[in-house]
Structures are given as structure tokens and as C-alpha cells.
Amino acid sequence: GQNAMFLFHSISPYPSLLPLSFHHHSEFHWFCFHCQDQAEQFFRSGHTNNWAVLVCTSRFWFNYRHVANTLSVYRSVKRLGIPDSHIVLMLADDMACNPRNPKPATVFSHKNMELNVYGDDVEVDYRSYEVTVENFLRVLTGRIPPSTPRSKRLLSDDRSNILIYMTGHGGNGFLKFQDSEEITNVELADAFEQMWQKRRYNELLFIIDTCQGASMYERFYSPNIMALASSQVGEDSLSHQPDLGIGVHLMDRYTFYVLEFLEEIHPASQTNMNDLFQVCPRSLCVSTPGHRTDLFQRDPQNVLITDFFGSVRKVEITTETVALDPNLVGLETRVPNDEMATEPLKYAEQLPVAQIIHQKPKQKDWHPPGGFILGLWALIIMVFFKTYGIKHMKYIF
Amino acid sequence: MAAPLVLGILVAVTVRAVLYRSSLAGFISERVEVASPLNAWKRVVEGLALLDLGVSPYSGDVFHETPLIIYLFHFLIEYSELVFMITDVLTAVALYLAVQDFNKVVFKKQKLLIELDRYASDVAELIRTPMEMHYIPLKVALFYLLNPYTVMSCVAKSTCAINNTVIAFFILATIKGSTLLSAIFLSIATYQSLYPLTLFAPALLYLLQRQFIPVKLKSKDFWLYTTQYAALYLCSLVVIVCLSFFLLNSWDFIPSVYGFILSVPDLTPNIGLFWYFFAEMFEHFSLFFVCVFQINVFFYTIPLAVKLKEHPIFFLFIQLAIISIFKSYPTVGDVALYMAFLPLWSHLYRFLRNIFILSCVLIVCSLLFPVLWHLWIYAGSANSNFYYAITLTFNVGQILLISDYFYAFLRREYYLTHGLYLTRKDGTEAMLVLK
């Protein structure tokens, strides 16, 4: 019965990626059992599209590694299938074309310049000074001015799984943006709650690679959020090896090992979240990565990596007919009676324009009191005659 | 001399009219250096609008002008541009007439002192001749009219121009010797902004000089005249304040105007010294420091009166400068008023020591004000320290300017009585040092 409910929801007007065979409102019969299992797996995660918001919050050349972190995650996410139209990439500084970059138009993630994560198909949506706390929160909550182009919007719906990756410099309870402002864990938690209330996500995976990153997910209170951080409160996240040719540290340790882990994932992988939690143990990372799954409804064992990092379209072509639950018929007839007979609601007039434009203007013009004017001019005339003598009087009158 | 003055007035009026019609008018009226919370035009308009809606303009923190300004602009608000141009012209004409009269007085006094043989023998080059003094009134008027500070203040329609006019009329009345008018204009100037109270001393000294009453504490004449002047001044002040009560039937204007000037609650940045200090001061100490800062304005009157009792108009100039530097909400309009007097002391040029550096400092600071404001408020790359640094430098430049003129004036007076080439007891050349 539950599976049929999912089916019904999926056909309603959401931009979904369901295959053509499920578009008709005709009767389906589940005839085979292993198809039923497959169908169950079909509805296991409940998401139909994937989005990624990748944010690098630091500028200046010596923060090269943060940009490299973000670009590595971007690369993995694109490789696993999320298109640029579903990725909001925010980079606070331009490392590839930085005048201090000895290898222009490249951003390397591995020593010896083995992996160039910049490539020639990187699309940065928010660049340089546009990466601010305000813009980030507006992207998340969707409160964006109407003139914003589509590439800068997070057009997610309640069937979207969103990956949010943030990196930069942080502290206990905050993340620093651009060396001039910060976002607190409370703000972030409230933004996610707004997203939940506006039905902007199905499930959210939040990964943060900063010092004391675990403090950023402490305050989350909305359902369906899973969070990972590179270090606990009181610990610093350390960077990986420096490259002597470029002169800066190329990556942070946590993201380096996550990237190594992700390089092994392909769109059909069945690797689940528990493996991601094991990435970068203390011996390699020096800090203790943390994670939080109490708000998440599914067991992390059942959550595939590709549920968040890839855009896996669930297409199951089958030639066998599948029998649906007979309860589905009752559901269809129940729907037309759903209209409640309540009295029609009227919009309350905030500003009774009709009343205002028809009333005469009440101009209460202020006039100085007569006594004042009299007193003032009497004084002025007195002073005038005292100075210049009474003899002028006869010339005036 | 009337023709060049009229020409100057026409040029000034044209410049102002052109600026009024250009797009700079809006930009200039927003500048904090030109419009302070006390004299900004949009606050005047706001106050009058509140009055039209039946609300007292002094409720709330918007309007800090005196009721006379309400009365003046109630009728003249549509012609505000004309009003401000006319006030500038009136100020310039008043200064012109005042300086003309003053030059005659100076020349007469110099002649008297030469005949009395009070001057040393070798000071011929320091004596002032009518020829060099001929163009000074015109220069004073033009210095006021064409000063960029005045033009900006006029274009921004800041009521500082009206304050300047009242002070100019006060100076004219004082120099003409009319006790009554001088007291009345001084009381109007004090009523407008509190600080011209300190101009009581130089005006009194000048009027005493004119009446040939020597300044001796035991002399009966001196005390009689002083009480007469003080009584006239205080009575007219009381009359004006009481008359303002009858405009709105409330005493609201006293805390709004004088309370505001004295307690400095509004800390919008301006070219003065108060805002930064009080922005970062703890509440506990703010009363103490407000008192200290306000006393600083009134404090220099008595020492200067003691030192400069023979030269009251120079004292007036120094006092005006001190008011415009140390007042709680200075604007460039106040600076323009005392700068108009600089041609009067152009004969001191040879004794000025730092005039080049100071003029550079003042010009550079004036140019840097909008730059650092933009960097602080709009670009976000600077902070209030940058703007305050320029404010500080500007005020230090002004203070050094006044002290330079003070030094030059006293040095000239010393040379006049002791001779230009000073020698020590053993015949070598001596240097004059101001201690």
C-alpha cells in the first residue's frame, strides 16, 4: 500500500525523472515478486532529483586549499551525474587566474600536480565578492530577487536530495566568510528549518571541512539532515601536504581522503554512508571527523553515496506487468470529495484605497499665532527706531 | 569700491545658481561635512511638515532649529534658494562695511600712536599704509562669497549661513559702535547656536575702546558700561526666548536646541572632534567628558581677553575660530566665516611661520574627506579611524593656523614697540620666541 502511495505522489505535478511507462493512470498489476523487491528499492530513498551547493568561503592566495577542496567535490559530483544546472558553486576567490599562480588556469588537488580539478568546464555561479552570508542564505531559502538568473538559484523541491559542502576557516559555532563576516550555526540551522518548512528538500547531506567543524551541525533541528564534519569542537582541521612548485598547501586532509574515496565511486556503486563515515580516521586526519545522523530517518546503512553525490536516475525497464495495490482505486474516487465546503475566504484590505481616494484631503496647515507675529514685528520696529531716531517716522507715515 | 563688490556678488550668485540647478546639489546636501544634525535643510523641511500635520516638530530627534527659523521658513520655504543666496550676500556686504570701518579705526589708532612716539625708530616697514589697506574690505567680502566652503554650505541650504549672517551683522553693529544693536544681534546669535556667547568679551572690549573707557577693574565707568551692555544683551535674549515660547506655546525647544547642543547625543560623523570620542566612550564617563569638551570652547575667552585687550577685533577673530573648531557640530560653513577675516591680517604674512604647510594640510584634508567617507561607508575597506584621522588633521591644521596668526600678531606688536632689529645686551642679534 505504501509503495502505491509513493507512486501516486510521483505522478503528481513534480518535475520528476520517472520513465515513460509510469505516466498513464491505468491499472498496473504486480505479477512478479522480485519486481516487487525492485520496486521497493525504487521507492527506498524517495528523491527524484539531486542538487549540490558547494561553498568556499575564503579568499587570498594562501587559502588555495579551500578552493581546491570545493572544486574536488564539484568534480566528483559532476562526474557522478549532477549537471551544472543543479549545482550552485560559490568560490570566494579565483585561484586559477590569480597572479600568484605559477600554473595559470589550473587548480591542483594532489601534490606533484597529478589532478587538475579546474578543467575547462567549471561553472562558478557565485564568484569573488558575491560569496556572502546573505547570498548563501538566500540561495538556501530561495528568497532571491526576481532578477537572479537560474544558474544562481537553488530550484529544489520536496523530492530533492541536496548536498551542501562548505569549507573555509571556522571556529566554535561559526564559519568565516571572506575575512569580514561570519555565519553562525544557529543561522544555518534556522535556514535549514526554513528550507524544511518550505519543502525545499527531501534529504540533506551537510559536509563541512573547517576547524571545529562539528560545532556547525550541533544546532540542526530539522528532519532528514545528515551531517559530517572534519573535526570536533576544540580540534583544528589540518591541511595536507604543500606543493613546493605552487608554494601553498593544496588540499585539506579530510577532503583529500574524501576525494580519494569518491574517486572509487561510480554511478552504479552500492557503497553506503557508513563507509563515508569511516573515511579519514584519526591516524590519517589528525583530527577526529564527526557525523550526525539522529535527524535522519533512514538508517545510514541504507543510504547510498550516490543518493547525494550522484544524480542517479532510477530507470527500471521491465517487460513484465506489475499488479498495483487494489486500494489505489478507492484512493482515486476519494479525491473528488476532498473539497471542503467552507465559506469563501476574502483578502482583508490592508489599505482601504477606495475610502482614501474619495475622502477630501484634511489639510491642517499650521500658522504662527498672531500674538507672536505682532510681538516680533513690534520689537523689530522698536529697535529700528531706537537706532535710527524718531525723525524717520514722518517719512514713513 | 561698490562696483567690484557688486561684480563679486554677481559672480557668487551665478556660481550658486548654477550649482543649484546641477546634479551636484543633491550630492552636496548629503555630505556630513556640510550638513550637521543642527543645520541640515532636510530636517527643516521635516520639521515644517510635522507642523503641518499637527505634531510639534521638537517631538523626536529630528528638528533642532530655533522657532525663529520655523517662522522664517514657514513663509519662505518655496524661495529657499533665494533666501540662502540673499543671506550670503548680506553677510558679505555686512563684512565689507564692517571691515571698511575697522580699517579707518586701525589707521587712526596707528596715527595716534606714531604721534605719541610709542613706536620704535626702525619699524617703518611695519607701519600700515592706507594704500595697502584699500582693497582689504573687498578681499574680505570676496573671501567669504567665493570660498568653496561657503558655496557648498549655500548649495546644501544649511542654516549655518543664517547663523553666519547674524554674526556678521553683530560684527558690523559692534564696529559701528552701536551698543543696542550689537547686544541684540549677539543675543540672536546666541539664541541660534549657543557658542557666540563667548563673543561677548571681544565686543565689550571693542565698545569700551570706542567709548574711550579704559579697562580698569576699579573704574566706575567700566563697570557701568559693562552692566549696561550685559543687561541689554541678557534682556534681549530673554525677550527672544520668551517670544519663541509663544510661537508653539511650549518650552519644548529648549531641550531640543540647547540641550542637544550641550549634551551631544547625536554622534553622526562630522568635521569636529566630539563624535569619535563619544562613540567609543563608556556611559559612565560620558557626562564628565561632555563637560570637559564644552568647557574647552568657553575656556579660552578669559586668557585671550587678558592678553589681547588692546586688540579686540583680533580677539574676536580668534574667538570665532575657536568656536568653529571646538563646537559640538561644526560644519565647513563655520570655518568659512572666520577664514573670511584672513585678509585683515595679511600684513602679518612676513611673520607667519607655517602658512605653506597649513594651507596644504587644509586643502588636502578637505579633498580627502569625501574620499575616506566613501572608503569607509560604501567600499567598506576603511573604518571610522580613517575618517577621524582626517578630521583630526583638519582640526590640528586649523588650530595651528590660528596659533600661527596669534604668534605673528604678537610678534609684530612686540617689534613695533621694541624695534625691528633686536639686540641682546652684548650687541649680538636676538631671536624672539613665543613662550
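Values in this document were obtained by computation on a predicted structure and should not be read as measured data.

Caption draft 1: Structural context of the state of the cysteines. All names here are of chain A. In this structure the tally under the stated criterion is one disulfide over all chains. Two residues, C280 and C285, share a disulfide whose sulfurs are 1.5 Å apart. Note on the C280 and C285 pair: the S-S dihedral is about 90°, so by sign convention the disulfide is right-handed.

Caption draft 2: Molecular detail of the UniProt feature "active site" (unreviewed entry) in chain A. Residues and elements named next belong to chain A. Cross-referencing UniProt, the feature "active site" (unreviewed entry) maps to H169 and C211 in the present numbering. Over a stretch of 43 residues, the named residues converge on one spot in the fold, their C-alpha atoms separated by at most 6.5 Å. Residue position: H169 is located in strand β6 (residues 169-171). Owing to a relative accessible area of 27%, H169 belongs among the partly exposed residues under this scheme. If we skip the residues at most four places from it in the chain, H169 touches T57, S58, N63, R65, H66, L175, K176 and T210.

Caption draft 3: Representation of the sheet that holds strand β8 (residues 181-184) of chain A. Residues and elements named next belong to chain A. Spatial strand order, β6-β7-β8: three strands in an open sheet with antiparallel pairing. Strands with a single pairing partner mark the edges of an open sheet, and in this sheet they are β6 and β8. Each neighbouring strand pair of the sheet contributes to a mean axis angle of 30°, computed without reference to strand direction. Pairing geometry for strand β7 (residues 174-177) and β8, over four bridges, is antiparallel.

Caption draft 4: Representation of the packing of aromatic side chains within the structure. This structure, assessed with the given rule, holds 55 aromatic pairs over all chains. Taken together, a centroid distance of 5.5 Å and an interplanar angle of 35° make the contact between F200 of chain B and Y233 of chain B tilted. Of this pair, F200 of chain B sits in helix α11 (residues 200-210) while Y233 of chain B sits in helix α12 (residues 220-248); the two residues are 33 residues apart in sequence, bridging distant segments of the chain. Taken as a pair, F200 of chain B and Y233 of chain B share a single burial class, namely buried. Taking 4.0 Å as the distance between ring centres and 5° as the angle between the ring planes, the aromatic pair formed by F314 of chain B and F409 of chain B counts as stacked. Residue F314 of chain B is found in helix α17 (residues 312-326), and its partner F409 of chain B is found in helix α20 (residues 384-418); the two are separated by 95 residues along the sequence. Each member of the pair, F314 of chain B as well as F409 of chain B, is classed as buried. One residue, R59 of chain A, lies across the ring of Y129 of chain A, its end atom 4.0 Å from the ring centre. Positioned above the aromatic ring of Y126 of chain A, the side-chain terminus of K152 of chain A is 5.2 Å from the ring centre.

Caption draft 5: Representation of α12 of chain B within the structure. Residues and elements named next belong to chain B. With 29 residues, α12 extends 43 Å from end C-alpha to end C-alpha; this agrees with the ideal 42 Å at 1.5 Å per step. You can read the cap of α12 off the contacts: a side-chain oxygen lies 3.4 Å from the backbone nitrogen of D221, and it is on S219. Where α12 ends, the next residue or the one after it, N249, has phi of about 55°, a positive value.

Caption draft 6: Just the UniProt feature "transmembrane region" (unreviewed entry) in chain B, in detail. All names here are of chain B. In the numbering adopted here, UniProt assigns the feature "transmembrane region" (unreviewed entry) to residues 82-99, 166-186, 192-208, 229-251, 257-278, 285-306, 351-373 and 385-407. Annotated as residues 257-278, this span is 55% helix and 0% strand, and its ends, taken at the C-alpha atoms, are 19 Å apart. Structurally, residues 385-407 comprises 100% helix and 0% strand, and the distance from its first C-alpha atom to its last is 32 Å.

Caption draft 7: Region of the structure containing the interface of chain B and chain A. Listed per partner, the contact involves 19 residues of chain B and 15 residues of chain A. Across the chain B to chain A interface the summed buried area is about 1500 Å²; carbon plus sulfur atoms make up 76%. Of all residues in chain B, the largest losses of buried area upon contact with chain A belong to D52, Y71 and L243 of chain B, amounting jointly to 35% of the total for that side. Here chain B is connected to chain A by zero salt bridges. In this structure, the connection of chain B to chain A is made through one residue pair in polar contact (both at pLDDT 80 or more). Of all the secondary structure elements, the ones that give two or more residues to the side of chain B that touches chain A are α3 (41-52), α4 (67-76), α10 (179-192) and α12 of chain B. It is α12 of chain B that provides the largest number of residues to the side of chain B that touches chain A, a total of six residues.

Caption draft 8: Summary view of the packing of helix α1 (residues 2-21) of chain B against helix α7 (residues 136-146) of chain B. Residue and element names in this part refer to chain B. For the pair α1 and α7, interaxial distance at closest approach is 10 Å and the crossing angle is 5°. Taken together, the axis directions place α1 and α7 in an arrangement best described as roughly parallel. Note on element contacts: α7 touches α1 through L138, A141, L142, Y144, L145 and L146, opposite P4, L5, G8, I9, V11, A12 and R16. Here the contact of α1 with α7 is built from residues that sort into eleven nonpolar, one polar and one charged.

Caption draft 9: Spatial organisation of a nonpolar patch on the surface. Residues and elements named next belong to chain B. Residues L7, V11, V15 and L146 make up a contiguous nonpolar surface patch of roughly 320 Å² in combined accessible area. A total of three residues in the nonpolar patch trace back to one element, the largest contributor, which is α1. Structurally, V11 can be placed in helix α1. Judged by its relative accessible area of 39%, V11 is partly exposed.

Definitions and limits used
- Along each chain, residues carry numbers from 1 onward, in the same order as the chain's sequence is written.
- Note on labels: chains are lettered from A, ligands numbered from 1, in written order.
- Residues qualify for local features only when their pLDDT is at least 70, as the model is predicted, and side-chain atom pairs are given and counted only at 80 or more; totals for whole chains, interfaces and linings, by contrast, use all residues.
- Each side-chain value is derived from all of the structure's non-hydrogen atoms; neither hydrogens nor water enter the calculation.
- In this description, the term disulfide denotes a pair of cysteine sulfurs within 2.5 Å.
- UniProt positions are given in the numbering used here, feature names are shortened, and annotations may be inferred rather than shown by experiment.
- Only DSSP runs of H or I with at least four residues qualify as helices, and only runs of E with at least two residues qualify as strands; both kinds are numbered from the N terminus onward.
- Burial status follows relative accessibility: with a 1.4 Å probe on protein chains alone, a residue under 20% of its type maximum counts as buried, one over 50% as exposed, and anything between as partly exposed.
- It only takes one pair of heavy atoms within 4.5 Å for two residues to be counted as in contact.
- The pairing criterion for strands is at least two bridges between them, as found by DSSP.
- Here an axis means a line fitted to C-alpha atoms, over the contact stretch when the element is a helix, while the angle between two N-to-C directions is reported on a 0 to 180 degree scale.
- When the centres of two rings from Phe, Tyr and Trp lie within 6.5 Å, Trp using its six-membered ring, the rings pair. Their planes under 30 degrees apart give stacked, over 60 give edge-to-face, and anything left gives tilted.
- To sit over a ring, a charge needs its Lys NZ or Arg CZ within 6 Å of the ring centre and within 35 degrees of the ring normal.
- An expected span of 1.5 Å times one less than the residue number is assigned to each helix.
- Pairing of N or O atoms within 3.5 Å defines a polar contact, subject to two protein rules: one partner must be a possible hydrogen donor and the other a possible acceptor, and residues neighboring in sequence count only if both atoms are side-chain atoms.
- Note on definitions: buried area is the accessible-area loss of two parts on being combined, 1.4 Å probe, summed for both.
- One speaks of a salt bridge when a side-chain nitrogen belonging to Lys or Arg is within 4 Å of a carboxyl oxygen belonging to Asp or Glu.
- Orientation categories follow fixed angle ranges, with anything under 35 degrees roughly parallel, anything over 145 roughly antiparallel, 65 to 115 roughly perpendicular, and all other angles oblique.
- Any residue outside Ala, Val, Leu, Ile, Met, Phe, Trp, Tyr, Cys, Pro, Asp, Glu, Lys and Arg is labelled polar, Gly included; the first ten of those are nonpolar and the last four are charged.
- Only residues above 30% relative accessible area that lack a salt bridge enter a patch, with like-charged residues linked at up to 9 Å and the nonpolar side chains Val, Leu, Ile, Met, Phe, Trp and Tyr linked at up to 5 Å.
- For every accessible area listed, the method is Shrake-Rupley and the probe measures 1.4 Å; residues are considered covered only by the protein chains on display.

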